[in-house]
Amino acid sequence: GYAALVREDLDGGDSPEPEDVRRIETSAIHLLGLINDTLDISKIEAGMMTLEIEEVNVHALLSGIDVTIRPLRERRGNHSHQAIAAGLEHIRTDGGALRRILVNLLGNAHKFTHQGEVLLTVSTETRESGPTIVFVVADTGIGMSPEQLTQIFEAYTQADASTTRRYGGTGLGLTITERLVHLLGGDISVTSTLGVGSRFVVTLPTIAPPE
């Protein structure tokens, strides 16, 4: 926060300092994200993550997520689309956990895609265990090899070192996403082709199980 204040004071001048302060601010944000993700994964692994089950308006949730993702989408020059099944209004789940799942997946989709397409599809299915809601996030980004897919949900792991250097990240986003999906009683899968894009599928019960 202090770096942001200093940068605002310096912006508009001819001095190179604003860019230096911007680097400090970016590094601090990255470090804060790493600390928060580490704390969250520790809580999940220790069984200390509590859920707050409530009625969630799916359209309102997705609208809020779109606002959050928009700056990244615009920076990457991507086009995004949503296809939501007719009649899908509310589900009972932890709205905060679901929001984080979708923000992580959509954020990654836009981060690893440049001047491409990101599609979010939301539909319903009926399984033996009961009615479910299915979120599919597909992109036309850099994709992953079969070897990279085998470790995609491992903590502190990204596709490879060059990906980390180029795109940043903590390597915990997908780990947390997978754990949250399981906490909500669902499952997550991924398919990907290097150089073509990736497709994540999250399936959740429309009524989350009690803790």
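Our subject in this report is the structure included herewith. Being a predicted model, the structure only gives us computed values, none of them experimental. (Residues numbered from 1 in each chain as written. Predicted model: local features only at pLDDT ≥ 70, side-chain atom pairs only at ≥ 80, totals over all residues. Heavy atoms only, no water.)

### Considerations on the environment of isoleucine 133
And step 1. Following the sequence through the fold, isoleucine 133 ends up in strand 5 (residues 130-139).
And step 2. Each C-alpha atom of the pair isoleucine 133 and valine 202 lies 8.2 Å from the other, and the pair is 69 residues apart in sequence. (Helix = DSSP H or I, 4+ residues; strand = E, 2+ residues; numbered from the N terminus.)

### Structural notes on helix 7 (residues 173-183)
And step 1. For helix 7, the set of buried residues is Leu174, Thr175, Ile176, Thr177, Glu178, Leu180 and Val181.
And step 2. Just past helix 7, the residue glycine 185 takes up positive phi, approximately 80°. (Buried < 20%, exposed > 50% of the residue type's maximum accessible area, 1.4 Å probe, protein only.)

### Examining the pairing of strand 5
And step 1. Burial analysis of strand 5 places 8 of its 10 residues in the buried class, which makes it a mostly covered element.
And step 2. Sheet topology places strand 4 (residues 117-127) next to strand 5; 10 bridges connect them, and they run antiparallel. Across the sheet, the residue bridging to serine 123 is valine 134, located in strand 5.
And step 3. The antiparallel pairing of strand 4 with strand 5 creates a hairpin that spans 2 residues between the two strands.
And step 4. Where strand 5 and strand 7 (residues 197-205) come together, 7 bridges link them in antiparallel fashion. What sits directly across from phenylalanine 135, in strand 7, is valine 202. (Pairing = 2+ DSSP bridges.)

### Quick look at helix 3 (residues 58-76)
And step 1. In a regular helix each residue adds 1.5 Å, so 19 residues correspond to 27 Å; helix 3 covers 26 Å between its end C-alpha atoms and thus fits that length.
And step 2. For helix 3, the full list of buried residues reads Val58, Leu61, Leu62, Ile65, Ile69, Leu72, Arg73 and Arg76.
And step 3. The backbone nitrogen of histidine 59 lies 3.0 Å from a side-chain oxygen of the residue at the head of helix 3, namely asparagine 57.
And step 4. Taken from the residues just after helix 3, glycine 77 is the one with a positive phi, measuring 70°. (Expected span 1.5 Å × (residues − 1). Polar contact = N/O pair within 3.5 Å; in protein donor to acceptor, adjacent residues only side chain to side chain.)

### Notes on the nonpolar core
And step 1. The biggest cluster of nonpolar side chains holds 40 residues, and the ones touching the most others in it are Ile65, Leu105, Ile133, Phe135, Phe200, Val202 and Leu204.
And step 2. Elements with a minimum of two residues in this core: helix 2 (17-45), helix 3, helix 4 (95-111), strand 4, strand 5, helix 7, strand 6 (187-193) and strand 7.
And step 3. The element that contributes the greatest number of residues to this core is helix 4, accounting for 8 residues. (Core = buried A, V, L, I, M, F, W, Y, C linked by side-chain atoms within 4.5 Å.)

### Some words on a nonpolar patch on the surface
And step 1. Together, Leu31, Ile35 and Leu39 give the surface a local cluster of nonpolar side chains, amounting to about 280 Å² of exposed area.
And step 2. Structurally, leucine 39 can be placed in helix 2. (Patch = residues over 30% accessible without salt bridge, like charges linked within 9 Å, V, L, I, M, F, W, Y side chains within 5 Å. Areas by Shrake-Rupley, 256 points an atom, 1.4 Å probe, with all protein chains shown as cover. Salt bridge = Lys/Arg side-chain N within 4 Å of Asp/Glu carboxyl O.)

### Considering the side chain of threonine 93
And step 1. Tracing the backbone shows threonine 93 in strand 3 (residues 90-94).
And step 2. In this view, threonine 93 contacts Glu52, Ile53, Glu54, Val56, Leu98, Leu184 and Ala208; residues no more than four positions away in its chain are not counted. (Contact = heavy atoms within 4.5 Å.)

### Remarks on the environment of leucine 119
And step 1. Secondary-structure assignment places leucine 119 in strand 4.
And step 2. As a C-alpha pair, leucine 119 and alanine 109 span 10 residues in sequence and 9.1 Å in three-dimensional space.
And step 3. Beyond its immediate chain neighbours, meaning those up to four positions away, leucine 119 contacts His81, Gln82, Val136, Val137 and Ala138.

### What about the sheet that holds strand 4?
And step 1. One open sheet accounts for 5 strands, arranged 2-4-5-7-6; its pairing is mixed. Edge strands, defined here as strands with exactly one partner in the open sheet, are strand 2 (79-84) and strand 6. Here the strands of the sheet are splayed against their neighbours by 15° on average, with no regard to which way each runs.
And step 2. As judged from the 6 bridges shared by strand 2 and strand 4, these two strands associate in the parallel manner. Paired with alanine 83 across the two strands is threonine 121, which belongs to strand 4.
And step 3. Along the sheet, helix 3 contacts strand 2, strand 4 and strand 5; its crossing angle with strand 2, the most-contacted strand, is approximately 170°.
And step 4. Across the sheet, helix 4 is in contact with strand 2, strand 4, strand 5, strand 6 and strand 7; its angle to strand 5 comes to roughly 25°. (Axes fitted to C-alpha atoms, helices over the stretch in contact; angles between N-to-C directions.)

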